[in-house]
Amino acid sequence: MLANTTPQYAMRRSRRRLCLAAAGLALTVPALRAQNTARIRLVIPFSAGATSDLLARPIVQALERELGQTIVIDNKPGAGGLTGAAEVARAAPDGLTLAWGTVSNHAIAPSLYPNPPYDPLRDFTPIALLCSVPHVVMVHPAVPAQTLAELVALLRREPGRWDYASSGNGTISHLIAEAFKATTRTFSAHIPYRSSAQGLPDFLAGRVHLMFDTVVVSRGPAGDGRARALALTSAERSPVLPSVPTVRESGVPELRDFEASGWFGIYGPPGLPAAQVQRLNAALNKVIRQPEVDAALRQAGASVIGGTPEAFADHNRREVQRWGALIRQIGVKVD
């Protein structure tokens, strides 16, 4: 049978194709709109009240307004941040599950644990590097050291008597303390907690003697006399603790090159579409420069960074190499 090639038939067929295309578009547009308005889950792999949680909240509040989407914070602490981050590594790449990433769970813990549940470079999509914070070498007032040099002398004189709290195995507070011990050839026992929010009460009660935690956590007790801040691990002093010298200024020769800071950013699951990455990156870069968010971060002691996803990926690669090399050099073990 010959095909119908009359002009009338061709017009009817064209109209039918247009109707089908319109129907497909009608289905697609609401789907895309729904994806851009559905609730986002941000997994923070540390406890509520920890540094990550405190820094994320002003950013999340502003990001909700910028995106027009509800963002739910889901705190999933454990294993130096590996537990929560692993959930995002396995999530669907739809932009609705994101990870709050840190130097701990994206550069340190995967190199420290023998069988990490993900590869920090392969199993995530970097979206934006947000901010960084220095750490504070802090002692309980009962510790007889007024300066960092006096603390080093005390630890050498009484090895094993003084212990330190960290926010968990594989976190940057753990690694900074271990690097400090290795550099100064001192010893203090490691008491890991699930977060700094859990370790701080024991430290303030004098049950643990030292902490190497972020300025976000340390500024309160150091400022009101519940703890003594001896030094900052950053290259420069912090505006929120201006009288506290840096480790480099401490007068301890072995520590003249000592520097380490924590950093924080947002990741998606692997395979997150480029359009989603660019949308989120643009929104995050805009949000962290809003006056109220910038002020909240700086008041907490953080420095705003921002930048492209590509720059964040390069930064992450360098940090994995840096901390992995340090872990191998000083032989840090999980306690």
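Remember, predicted model here, so these are calculated numbers, not experimental data.

On to the overall build of the protein. Within the protein one finds 11 helices and 10 strands. Relative to its 335 residues, the protein shows a buried fraction of 52%. A fraction of 80% describes how many contacts in the protein between residues 6 or more apart in sequence connect residues 24 or more apart. Total accessible area computed for the protein in this model is approximately 15000 Å², and 55% of it derives from carbon and sulfur atoms.

For the protein, per-residue confidence averages 90 on the pLDDT scale, and residues scoring 70 or more make up 89% of the total. Here residues 20-34 is modelled with pLDDT under 50, and outside its nearest four sequence neighbours on either side it reaches 1 contact, counting other chains as well.

Alignment of strand 5 (residues 163-166) against strand 6 (residues 189-192), held across 4 bridges, turns out to be parallel. Bridged to Ser166 within strand 6 is Pro192. You can see the chain leave strand 5, run along helix 6 (residues 172-184) and come back into strand 6, and the turn it takes is right-handed.

Another aspect to go through is the packing of aromatic side chains. Applying the stated criterion to the full structure yields 7 aromatic pairs. Their ring planes at 80° and their centres at 5.8 Å tell us that Tyr164 and Phe212 sit as a pair that is edge-to-face. In this pair, Tyr164 sits in strand 5 while Phe212 sits in strand 7 (residues 210-214), placing the two residues 48 residues apart along the sequence. Their ring planes at 45° and their centres at 4.8 Å tell us that Tyr267 and Phe312 sit as a pair that is tilted. In this pair, Tyr267 sits in strand 9 (residues 261-268) while Phe312 sits in helix 11 (residues 309-330), placing the two residues 45 residues apart along the sequence. No difference in accessibility class separates Tyr267 from Phe312, as the two residues are buried. Joined through ring pairs, the aromatic side chains of Tyr118, Phe124, Trp263, Tyr267 and Phe312 make up one cluster.

Glancing now at helix 3 (residues 82-89). Most of helix 3 sits inside the fold, with 6 of its 8 residues counted as buried. Within helix 3 the residues assigned to the buried category are Leu82, Gly84, Ala85, Ala86, Val88 and Ala89. In this fold, the buried residues of helix 3 make contact with strand 1 (40-44), strand 3 (97-102), helix 4 (103-112) and strand 9.

We now examine the environment of Met138. Structurally, Met138 is set in strand 4 (residues 125-139). Expressed as a C-alpha distance, the spacing of Met138 and Leu210, which sit 72 residues apart in the sequence, is 5.8 Å. Setting aside chain neighbours within four positions, we find Met138 in contact with Phe203, His209, Leu210, Met211, Ser218, Pro221, Ala222, Ala227, Arg228 and Ala229.

On to the pattern of salt bridges, then. Side-chain pairing between opposite charges can occur once the charged atoms of the two side chains come close. Counted according to the given criterion, the structure contains 18 salt bridges. Glu254 serves as the salt-bridge partner of Arg185, at 3.3 Å between the closest nitrogen and oxygen. On the criterion of sequence distance, the pair formed by Arg185 in the loop between helix 6 and strand 6 and Glu254 in the loop between strand 8 (228-232) and strand 9 is long-range, its members being 69 residues apart. Across the pair Arg207 and Asp202 runs a salt bridge, and its minimum N-O distance is 2.8 Å. Overall, Arg207 belongs to the exposed group, its relative accessible area being 54%. Here the residues in one salt-bridge network are Arg41, Asp74, Lys76 and Glu87, joined through shared partners.

Rules of the game
Residues numbered from 1 in each chain as written. Predicted model: local features only at pLDDT ≥ 70, side-chain atom pairs only at ≥ 80, totals over all residues. Heavy atoms only, no water. Helix = DSSP H or I, 4+ residues; strand = E, 2+ residues; numbered from the N terminus. Buried < 20%, exposed > 50% of the residue type's maximum accessible area, 1.4 Å probe, protein only. Contact = heavy atoms within 4.5 Å. Areas by Shrake-Rupley, 256 points an atom, 1.4 Å probe, with all protein chains shown as cover. pLDDT = per-residue confidence, 0-100. Pairing = 2+ DSSP bridges. Right-handed = clockwise from strand over helix to strand, strands pointing away. Phe/Tyr/Trp six-rings, centres within 6.5 Å; stacked < 30°, edge-to-face > 60°. Salt bridge = Lys/Arg side-chain N within 4 Å of Asp/Glu carboxyl O.

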